[in-house]
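Structural overview for review
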Amino acid sequence: MKTDFIPVDYDYFDFQGRNYAKIIGRNSKGKRICIIDSCPVYFWAILKDNLNKKKIDKLLKKIREIKLDVKGRQTKVETAELHEKNYLGKKVKAIKIFATNYKDMHDVADKLGMPEIEKRRGYDLSFITHYIIENKIDPLCWYEISGEVLNNSDEFGGIDTNLDVDFCIKLESAKKIPKTEFNPRVLCYDIETDALEIGKGEILMISLVGENFKKVITWKKTKNPQEYVEYVKDEEELLNKFCEYVKKVSPDFLVGYFSDGFDLPYLKARADKFKIKLKLGLDNSQPKFSRGVNLTGKIKGIVHIDLLKFIRTAYAQYMKSETLSLNEVAKEFLNDTKKPFKIKHSSELKQKDWNEYYEYNLHDSVLTFGLFQKFWPDLLEFTKIIQEPIFNISRFGLSKHIENYILHNLHKFNEIPEKQPTYDEISQRKKIGSVKGAFVYEPTPGLYENLAMFDFTSMHTSIIISMNISKATLLETKQKNSYESPEIEEGNKKVKYYFSKEKGFFPLLLKDIFEKRKEFKAEYKTNPNRMTLARSNAFKVLSASAHGYVGFFGARYYSHEASASILAFVRKFNIETIKKTQKKGFNVIFADTDSVAFTREGKSKKQILEFLKKLNDELPGVMHLELEDFFKRGLWVSTRKGTAGAKKKYAMIDEDNNVKIRGFETVRRDWCQLSRDVQNYVLRQILKDGNEKKSLEYVKKIVKNIKQRKINKQDLIIKTQLKKPLSEYKATTPHVVVAKKMIENKIPISAGTLIKYYVSETKGKSKLVRDKVKLPEEPGEYNIDYYLNRQILPAVENIFQVFGISLKEIMEGKKQTTLGDF
DNA sequence: ATATACACGGATCCCCTATTTCC
DNA sequence: GGAAATAGGGGATCCGTGTA
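Residues numbered from 1 in each chain as written. Chains lettered and ligands numbered in written order. Predicted model: local features only at pLDDT ≥ 70, side-chain atom pairs only at ≥ 80, totals over all residues. Heavy atoms only, no water.

1. Quick notes on the overall build of chain A
A count of helical and extended segments in chain A gives 21 helices and 32 strands. When the backbone C-alpha atoms are referred to their principal axes, chain A occupies close to 100 × 85 × 50 Å. Out of the 822 residues belonging to chain A, those deemed buried represent 54%. The contacts in chain A between residues at least 6 apart in sequence include a share of 67% that link residues at least 24 apart. For chain A, the exposed area adds up to about 38,900 Å²; of that, 48% sits on carbon and sulfur atoms. Of note, chain A has its 146 positive side-chain charges centred 4 Å away from the centre of its 111 negative side-chain charges. (Helix = DSSP H or I, 4+ residues; strand = E, 2+ residues; numbered from the N terminus. Buried < 20%, exposed > 50% of the residue type's maximum accessible area, 1.4 Å probe, protein only. Contact = heavy atoms within 4.5 Å. Areas by Shrake-Rupley, 256 points an atom, 1.4 Å probe, with all protein chains shown as cover. Lys, Arg positive; Asp, Glu negative; His and termini not counted. Charge placed at Lys NZ, Arg CZ, Asp CG, Glu CD.)

2. Remarks on the packing of helix H12 (residues 459–466) against helix H13 (residues 505–526)
Axis separation between H12 and H13 bottoms out at 8 Å; the angle between their running directions is 140°. Taken as axis vectors, H12 and H13 run oblique relative to one another. For the element pair H12 and H13, the recorded crossing hand is left-handed. Mapping the contact onto sequence places Thr 461, Ser 462, Ile 464 and Ile 465 in H12 and Phe 506, Pro 507, Leu 510, Lys 511 and Phe 514 in H13. For the contact of H12 with H13, the class distribution of residues is six nonpolar, two polar and one charged. (Axes fitted to C-alpha atoms, helices over the stretch in contact; angles between N-to-C directions. Parallel < 35°, antiparallel > 145°, perpendicular 65-115°, else oblique. Left-handed = near helix turned anticlockwise from the far one by under 90°. Nonpolar A, V, L, I, M, F, W, Y, C, P; charged D, E, K, R; others polar.)

3. Observations concerning the sheet that holds strand S21 (residues 483–484)
Strands pair in a sheet through their backbones, by hydrogen bonds, and they do so in one of two ways: parallel or antiparallel. With respect to topology, three strands assemble into an open sheet ordered S20-S24-S21, the strand pairing being antiparallel. With one partner strand each, in any of the chains shown, strand S20 (474–475) and S21 form the two edges of the open sheet. One ladder, built from two bridges, connects S21 with strand S24 (residues 498–499); its direction is antiparallel. The residue of S24 that forms the bridge with Glu 484 is Tyr 498. (Pairing = 2+ DSSP bridges.)

4. Notes on the protein's contact with DNA strand B
The environment of DNA strand B is formed by 29 residues, the closest being Ser 399, Ser 434, Gly 437, Lys 649 and Tyr 786. Considering DNA strand B, the proportion of its atoms within 4 Å of the protein that are sugar or phosphate atoms stands at 90%. Contact distances for DNA strand B include 2.8 Å between a phosphate oxygen and a side-chain N or O atom of Ser 399. Between DNA strand B and Arg 790, the relevant distance is 2.9 Å, taken from a phosphate oxygen to a side-chain nitrogen or oxygen of the residue. Counting only elements with at least two residues in the surface near DNA strand B, the list comes to helix H10 (398–407), helix H14 (530–550) and helix H20 (784–801). (Near = heavy atom within 4 Å. Polar contact = N/O pair within 3.5 Å; in protein donor to acceptor, adjacent residues only side chain to side chain.)

5. Description of the protein's contact with DNA strand C
Around DNA strand C, the surrounding shell holds 22 residues, and the nearest of these are Asp 594, Tyr 650, Arg 668, Tyr 729 and Lys 730. Of all DNA strand C atoms lying within 4 Å of any protein atom, the proportion belonging to sugar or phosphate reaches 84%. One nitrogen or oxygen atom from the side chain of Arg 662 is found 3.4 Å from a phosphate oxygen belonging to DNA strand C. Between DNA strand C and the protein, one listed contact pairs a phosphate oxygen with a backbone N or O atom of Gln 721 at 2.9 Å. When contributions to the surface near DNA strand C are tallied by element, the ones reaching two or more residues are strand S29 (659–662) and strand S30 (718–721). Looking at the surface near DNA strand C residue by residue, the classes come out as five nonpolar, six polar and eleven charged.

6. Considerations on the environment of Glu 626
With respect to the helices and strands, the residue Glu 626 is situated in strand S27 (residues 625–636). Sequence separation between Glu 626 and Lys 248 is 378 residues, and the spatial gap between their C-alpha atoms is 52 Å.

7. Some words on the layout of surface pockets
A water-sized probe rolled over the atoms picks out the places where empty space is left. Of the volumes computed, that of the second largest pocket is approximately 980 Å³. If you trace the second largest pocket, you find 35 residues lining it, with Tyr 87, Leu 88, Gly 89, Lys 90 and Lys 91 closest to the centre. Mapped onto the lining of the second largest pocket, the elements with two or more residues apiece are strand S4 (41–47), strand S6 (73–87), strand S7 (90–99), strand S8 (117–121), S20 and H13. In terms of residue count, the dominant contributor to the lining of the second largest pocket is S7 (four residues). (1 Å grid on protein atoms, 1.4 Å probe; cavity = no way out; pocket = protein on both sides within 12 Å on 5 of 7 lines; lining within 4 Å. Points joined across faces, edges and corners; volume = space filled by probe spheres on them.)

8. Considerations on the sheet that holds strand S12 (residues 203–210)
As summarised here, the arrangement of the six strands in space is S14-S13-S12-S11-S15-S18, forming an open sheet in which the pairing is mixed. For this open sheet the edge positions go to strand S14 (229–231) and strand S18 (303–306), each flanked by a neighbour on one side alone. Across the sheet, the mean angle separating the axes of adjacent strands is 25° when strand polarity is ignored. Pairing analysis gives seven bridges linking strand S11 (residues 186–193) to S12, with the strands arranged antiparallel. Residue pairing for S12: Glu 192 is matched across the bridge by Met 205. Against the sheet, helix H4 (residues 235–249) touches S11, S12, strand S13 (213–218), S14 and strand S15 (253–256), its axis set at about 10° to S12. Strands in contact with helix H8 (residues 351–386) are S11, S12, S13, S14, S15 and S18; relative to S12, the strand with the most contacts, it is inclined by about 40°.

9. Describing the packing of aromatic side chains
Going through the model one piece at a time under the given rule, you end up with 44 aromatic pairs. With centroids separated by 5.8 Å and ring planes inclined at 85°, the aromatic side chains of Phe 43 and Tyr 123 adopt a geometry described as edge-to-face. Here the residue Phe 43 occupies a position in strand S4, and Tyr 123 occupies one in the loop between S8 and helix H3 (127–135), the gap between them amounting to 80 residues. In textbook terms, an aromatic cluster arises when at least three aromatic residues are bridged by ring pairs, as seen for Tyr 231, Phe 341, Trp 354, Tyr 357, Tyr 358 and Tyr 360. (Phe/Tyr/Trp six-rings, centres within 6.5 Å; stacked < 30°, edge-to-face > 60°.)

10. Structural notes on the packing of helix H7 (residues 326–334) against H8
To describe two helices that pack against each other, one gives the angle between their axes and the distance between the axes. Where H7 meets H8, the closest approach of the two axes is 10 Å, and the angle between their N-to-C directions is 50°. Considered as vectors, H7 and H8 are oriented oblique to each other. Seen along the crossing, H7 lies across H8 with a hand that is left-handed. Residues Leu 326, Val 329, Ala 330, Phe 333 and Leu 334 of H7 pack against Asp 364, Leu 367, Thr 368, Gly 370, Leu 371, Lys 374 and Phe 375 of H8. Classifying every residue of the contact of H7 with H8 gives eight nonpolar, two polar and two charged.

Laid out in structure tokens, this is it:
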């Protein structure tokens with residue numbers, strides 16, 4: 001039969017010793033289709049370059065005869081061919097060695113100890129990645145396919161009979177078609193339980209939300225349930241009902257929030273307890289979990305997506321939310337929040353509470369559904385660029401994304417893939433140590449008027465592209481007509497690295513990401529909203545990670561020299577821009593990595609833009625400097641110790657009165673809300689008025705309030721994240737002490753928990769903060785001295801210092817009559 | 001295990017010296 | 001008077017969280 005088809009979920013199976021890809025997707029009529037396809041499996045043996053034809057023929061013959069026994073299974077090399085390939089950009093002769101089964105390739109590779117073979121490559125990709133590269137059945141792209149329909153066929157061991165799809169097709173041909181629209185069927189879910197530890201409590205209810213579908217299934221009954229509530233007998237039936245509804249809705253994506261770490265493993269654990277099967281897969285299989293620290297839950301045929309993971313890698317860096325809790329993320333992207341409901345153990349809930357609980361549960365899924373819709377375009381975009389199944393796209397980290405993007409495109413360059421580093425290689429790389437980073441200009445503290453700020457577009461990536469930097473293009477020796485890095489200090493020596501002018505695959509590939517980044521940034525500029533900003537940032541992240549990837553010890557294409565060179569160029573271009581700006585007569589206030597801010601010195605905007613154009617004319621390749629914005633005022637302060645200007649800390653106000661605050665305590669979550677609010681007020685007021693008068697009065701008022709204990713304790717809570725298991729801490733910090741208290745109080749904590757506490761008055765004479773900390777709900781009075789001198793004062797002291805005001809003197813000199821009201 | 005370096009700043013740790021306490 | 005305990009200064013280190 002012929003149909004159109006969009007691949008969504010990828011899986012594979014073995015049949016009669018061979019590998020087959022099993023791809024679940026849809027056609028445009030919404031029918032669910034499974035296609036079964038195979039591809040040749042092979043890897044490469046790269047030959048030493050001095051071999052004559054006779055030797056190679058002999059070697060080929062020898063390889064073709066390889067037979068081996070893998071755990072009792074007989075297997076052999078199917079065939080072997082000689083090819084002209086590229087490896088790390090260099091021409092090589094390589095033998096393509098075909099194996100019967102993908103799993104055998106390691107063992108076959110191990111048999112190739114012949115001296116003629118220089119390297120073995122290409123046997124460490126996942127089968128799915130290999131398959132997609134080989135047959136080009138790219139995820140979430142439309143195809144016109146034809147093939148034989150399997151209907152109760154015994155081919156492949158009767159695979160189609162156990163599969164809940166409309167058609168199971170043995171693929172014969174597939175052609176990509178330009179169609180784009182695809183509205184996936186989505187079902188979001190969320191569970192409520194009586195204990196947080198996986199499987200330790202009863203599951204009380206499950207909510208399900210999809211397009212025109214809302215349901216809360218529960219066995220906890222009350223009067224007058226909402227119309228979306230459906231009752232079941234008990235927890236066991238709840239689990240069955242859940243599976244039933246998933247089957248009925250038949251979603252392409254089953255989406256949760258932190259569901260890899262909570263909802264799905266919980267459901268599985270409870271099902272195990274009742275000895276029932278959680279038949280969620282299209283083949284009625286149960287969800288499978290990866291081993292390791294970070295659980296991932298996989299359901300056959302339905303893509304299980306844990307939105308939290310995708311948001312974390314692709315967006316977290318650029319989000320306002322301070323935690324990635326559903327509540328905060330929903331607030332930022334949907335302008336909606338969780339329903340207010342104080343969760344208690346079900347035994348403590350009153351009849352009337354249940355309705356609220358149902359609603360609360362439902363709404364979590366509603367939020368997840370909303371978020372999925374918001375992030376769907378990005379998941380789609382990432383999937384299309386990187387060409388990995390969306391299951392991986394939604395979970396992998398940035399280095400894997402970059403790496404997969406490269407692997408899926410190597411064929412365009414006739415390149416043999418590099419292997420993953422071994423454990424020893426990783427240790428070696430770590431030993432070399434870090435490379436010198438970017439340049440940060442030390443600002444002179446002060447309040448400045450009329451500023452302009454320039455920044456480079458995707459600086460590192462544009463440098464990689466323009467100077468052709470990569471592991472493969474690195475030249476061993478200096479050559480004429482090559483790209484030459486600035487001088488780099490390596491140990492005590494100064495060296496330069498050289499890169500070929502012949503375009504390498506890595507820089508060429510990055511261009512694609514670079515251009516997408518530009519496109520989405522422009523989209524944001526013309527249509528600024530949360531979502532276009534997020535998308536712009538997502539590609540900013542991807543683009544920015546290209547350099548991080550090169551310097552990442554676990555990367556296939558890691559290169560210390562390339563990484564050092566990229567950063568040397570970053571410093572060079574930033575410093576050059578600073579110098580040119582100063583030479584033009586501007587006063588450079590600060591610069592950090594890829595940006596320069598300076599006062600306009602009476603120059604018109606037109607003149608500034610002309611200057612910018614001139615700067616751009618002098619930049620190589622795709623490097624581009626752009627105007628970030630014009631600013632009415634900007635404030636820089638000194639560091640806490642000493643008089644030097646603090647780097648990475650500033651506040652500016654643009655001509656539409658938008659305030660941009662970087663690095664200040666205002667934006668740091670490990671300061672109490674009061675400090676942050678006060679500093680925020682002060683910064684904004686000063687930027688607006690151009691002087692400190694109003695803010696000083698405000699601070700005095702706050703100080704008075706603190707002393708009179710008028711401050712709400714809620715505003716004094718300090719939040720610090722536990723970054724590792726308690727046992728690994730060498731220092732006994734306040735948040736570690738609080739974490740221990742939490743354990744005593746049976747509050748579950750783990751690495752990642754946000755620890756909350758306040759500093760209280762204590763009788764003891766200890767000066768250590770950790771001896772004064774209390775849990776938010778613990779009774780006690782806040783420590784006036786601490787909040788004055790270690791929270792409020794440090795947050796605003798440096799700001800007033802810019803105006804020559806010593807807040808410390810004012811605060812301590814309260815007995816002076818001139819400050820009687822204080 | 002899962003992108004990089006630079007930077008701030010709080011809190012503790014640790015060593016040293018001066019002062020206080022105790023016998 | 002001398003030993004032990006304590007206070008406090010200051011740099012090193014740990015730790016978390018920012019900017020880019």
